[in-house]
Structures are given as C-alpha cells and as structure tokens.
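A look at the structure
Here are the chains, one letter per residue:
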Amino acid sequence: MAKLGLHEDWTRLFMRCVSLVTYAVRINGHPWGQIVPTRGLRQGDPLSPYIFLICAEGLSTLLHQAIQNKALRGVAASTKGLKISHLFFADDSFILGRATTRETVEIQKVLQVYELSSGQQLNKNKTSLFFNHNTNNGTKETIKAMFGAQVIRSHESNLGLPSLIGKEVLIKVIAQVVPSYTMSCFKLPNSLCEELTGMGWRLQTNSSSLFYRVDKAKYFPRCDFIKANIGYQPSYAWRSLMAAQDLVKRGLRWQVGDGEQIQVWKDKWLQNPSTYKVVTSESFGPEDVDEILSIPLSANKARDRLAKEVWESSKLALPFEIRPSWDFIDVGIWKNRNEVKRGGKGRTGRVITKSSLLLLEEFQIANEGPQATRVSTYEVVKWLPPSSGCYKVNVNGVVFSKRKQVGIGVVIHDSLGEVVAALSKNMALSLGALETEAKALEEGI
C-alpha cells in the first residue's frame, strides 16, 4: 500500500482491520468461541476482495516490469495488435507468454517474488496450462514438469492462479472479455441486447481500455467502431458486436465543437429532435439556419464529440420534458420495459407517468412512519451578500419557444449588498431552460 502511494494513516487503519479481526462460530443459532486467525482475513470477509485487488496490483506490476526488461514478450491477437502479458478477472488470472523454457523460468521468478511478498502460494491443483497446437510435445512436457500443473486442451471456466498460455490462440477469445464467465460476447437474446449495445458504445468512446485497443488493432485500425466492417473471417464475438452497430449508430449524435469531424449533410448534429439532421440536401433552409445559430459554441474551441441519446432514442413518448431529479419515472419506464419483454402490452407515456406517481405516493406514505397528522415544514431561503472583497452574480432566464427567443436577467451585488451592475435583454436563440440559465450565467460573469 505504501508503494501504491496510500497515506500511512490509511495503511495503518487498513492493517488494524486485518490484524485485530476475530471470528465466532454459530452453533444452534448462537455464536461460540473467539477464533483469532494467524494468517489475516479469510475468504468471504467483506474486506478480503479489496486486499486481493491490492495484492493483484503487485503481481501486475511485476509482470509489467518483466515486459519492460524484455524478459517476457506477451502475445497479440493480430499482427500489429497490442501485446498482452496477463489478464485478471476476480480471482482468475491468465498469464500469457511464449511456450519456451526461458519465459517459463521468468514467470516462475515473478511468482516466487509475489509469493514471498504477499504470503499467497500457487495452488498447483487449480493451475492449468494451455498450449498452442503448434507447440511440440517435448516443450509441453518440459514446461509441465517445471510447473507441476495439468495440461488442458481448451480453457475451462475456473483456472485459478495462474495459467501459462502458449501463442495467441486463447488471447483472441479472452480479449473479448473472457468467456470463462458467461459474458456478452456472443449473439444474445433481446433481454441482454442493452449490454451488447453498451459494449459497442465503449468501443466507440473508451479508447484507453484494453478491450478497445485489442479490437481496434484487429478489426478497425483506420476508422472508428460505427464505420467498421465485418471483415474477413471475424470471430463470433466480433460478429455479435457488429450486430449491435446499427443500434449504436441510431443512438448517437454530435455535440458541436470545432466542426472538423462532422459531416454536415449526413450526421446528426442539430438540436431539432425530429431528425437532428439538416432538412434540405443542398442548402440550408430557414429552419436549419435558426437551429444552427442557436447552437452554443465553446470558447475554448473544443473538438466535436459524440453523445448518446437517452430519452430521445426511445420509442416511448412522454408528455413533458424528463428532468434528472425525477428518478421515480425511471421505475415506471423500467417496469413497462420488462412487461413488454415478457410479451405484455406497452403503456403510453401518460399512463406510465400516472402509475409512477402512484408508486411514489405509496413509497412516501410507507416511509413516513405512524404519524397521526402530517406536518409540512418549509426551509426559509434568505439571500445573503457575498464575503468582503467578492461579488455575487444572481441570474435567471426565460424561454420563448414560439418566438425562438430567450430572455436573461443578471444582477450583481457587492459585499455590502449594494447593486453594482444589472442586465436584462432578449436573445434570438432557440435554447432549452438549462441552456438559457447557463447563457445568463455566462453573460453575468
């Protein structure tokens, strides 16, 4: 923990939780005895997973150091792809390397250092070796004797710690988020399609993840995910991700920055919720001009970026604007979604809203407790002047949707509460309520 940069007070508190722990055994419903463990926390303790992650970070650092010293080389899923030396998933660890005596010795050195440092020990009964089919039998027997572990012909669902994998056959499967757990890397039923779409969204936006870097090098090295093709002899996992590509495309629209990445006539980048695209095909019409002029631009010349449409991409039409604080409506929408998935009939937005309000009312009544009368209390909000030497900016905004205008008001006070500046004006902008408030704040500053 000290090597990870954690504060000494935090480290001391953490170690006290480890060293002062005691256990009792429940017999016939009653706890008996006070067992003091000599090897720290046991598996199943709530703190145990966090300690495991800290220890696993140490093992990962040792393997990275071996890669930097060129003692290990790792394997890649494609010719120019990222080389991977290890993958950790909960308490399952995959160590990938070339099936040579030299790399086997280096991996054993790393494991010996890890065992001495952490107190953990390699469980050979749960350790399995998987070799590429091109590995000769002599090499297999030598490495098997060095590790004292069993050789398997295909990876299993629980390999323990660790696994030595020769060549890159298994990495092509593992790098898609390891099938040792039944994950979303195959064609899935509708009940799990949201997870597959989420994986596609991560491929489009999370360029720093291992998942992205491995797949990009192999399947879309010169473009992004939404422009990728199925390719030649793709894996089943990639075909499944491509099945969600069209859904990801429909749920994306551009947030305008410098305008360099946006295709004006093809992409969705306007604020018109009907299409988010330019209405005309060759020139801007009056409606397009109004929409374009109402787009807030960044003063820092930020790059264009893709954003997900949440409520806009849904087929559900609600009779008002969804606000982030209305979490109870999420419950109603989620219940309606589950009923449709089970073959039931979908409800209208107005019906969902009414049922959600009833759920909220029932929840509030159930959590009020046994009170005879309901007393409503209101917090009095009082305006206070700013500190000495500071100014306070109060703003407000109003939207005139029919006229495609907004109105803003600004009042600035000093520390004595005196008005030092004020502003009130209309602006020809087609903005929402939140954007109008932000524009008023910008004008006030």
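Notes on the structure follow. (Residues numbered from 1 in each chain as written. Predicted model: local features only at pLDDT ≥ 70, side-chain atom pairs only at ≥ 80, totals over all residues. Heavy atoms only, no water.)

Observations concerning the sheet that holds strand β14 (residues 419-427)
Note the threshold: The pairing criterion is simple: DSSP has to find at least two bridges between the two strands. Put simply, DSSP marks the helices as runs of H or I at least four residues long and the strands as runs of E at least two long, and each gets a number from the N terminus on. As a rule, the C-alpha atoms of each element are fitted with a line to give its axis, helices using only the stretch in contact, and angles between N-to-C directions run from 0 to 180 degrees.
Read across the open sheet, the 3 strands follow the order β12-β13-β14; overall the sheet is antiparallel. Taken across any chain shown, the strands that pair with only one partner, and hence form the sheet edges, are β12 (392-400) and β14. The sheet shows a mean angle of 10° between the axes of neighbouring strands, direction not considered. Alignment of strand β13 (residues 405-413) against β14, held across 8 bridges, turns out to be antiparallel. Each bridged residue has a counterpart across the sheet, and for I408 the counterpart in β14 is K425.

Considerations on a positive patch on the surface
The criterion, for reference: Note that patches include only residues with greater than 30% relative accessible area and no salt bridge, and the join distances are 9 Å for like charges and 5 Å for nonpolar side chains (Val, Leu, Ile, Met, Phe, Trp, Tyr). The protein chains shown are the only cover counted for residues, whose accessible areas, like all others here, come from Shrake-Rupley with a 1.4 Å probe. Each salt bridge in this description consists of a side-chain nitrogen of Lys or Arg and a carboxyl oxygen of Asp or Glu lying within 4 Å of one another. This count recognises Lys and Arg as positive and Asp and Glu as negative, with His and chain-terminal groups excluded. The atom standing in for a charge is NZ when the residue is Lys, CZ when it is Arg, CG when it is Asp and CD when it is Glu. To sort residues, take the accessible area from a 1.4 Å probe on protein chains only and compare it with the maximum for the residue type: under 20% means buried, over 50% means exposed, and anything in between is partly exposed.
Side chains of K70, R73, K83, R98 and R102 sit close together on the surface and give a patch of like positive charge. When you line up the elements, K83 lands in strand β4 (residues 83-84). With a relative accessible area of 49%, K83 lands in the partly exposed category.

Here's the deal with the environment of L53
With respect to the element layout, L53 can be found in helix α2 (residues 48-68). What makes L53 exposed here is its relative accessible area of 54%. Taking the C-alpha atoms as reference, L53 lies 9.8 Å from F88; in sequence the two are 35 residues apart.

Focus: the nonpolar core
Note the threshold: Side-chain atoms within 4.5 Å link the members of a nonpolar core, which is a set of buried Ala, Val, Leu, Ile, Met, Phe, Trp, Tyr and Cys residues. Residues count as neighbours in contact if any of their non-hydrogen atoms are within 4.5 Å of one another.
Core analysis: the largest hydrophobic core is formed by 23 residues, its most contacted members being L203, F220, F225, W238 and W269. If you list the elements that add at least two residues to this core, you get α6 (193-205), α7 (210-219), α8 (236-243) and β10 (252-255). Those residues in contact with F225 that lie beyond four places of it in its chain are G200, L203, Q204, F220, W238, L241, M242, Q245 and V248. Counting 17 residues, the second-largest nonpolar core is a separate cluster that includes L59, A66, A71 and V110.

Some details on α8
The following threshold applies: As used in this structure description, the phrase polar contact means that two N or O atoms lie within 3.5 Å; if the pair is within protein, one of them must be able to donate a hydrogen and the other to accept it, and residues adjacent in sequence are counted only when both atoms belong to side chains.
If you check which residues of α8 are buried, you get A237, W238, S240, L241 and M242. Where α8 begins, the capping side chain belongs to S235, and its oxygen is found 3.2 Å from the backbone nitrogen of W238.

Focus: the pattern of salt bridges
For the coordinates displayed, the defined rule picks out 4 salt bridges. With a closest N to O distance of 3.1 Å, K439 and E442 form a salt bridge. In this pair, K439 and E442 both sit in helix α13 (residues 433-444), 3 residues apart, roughly one turn of the helix.

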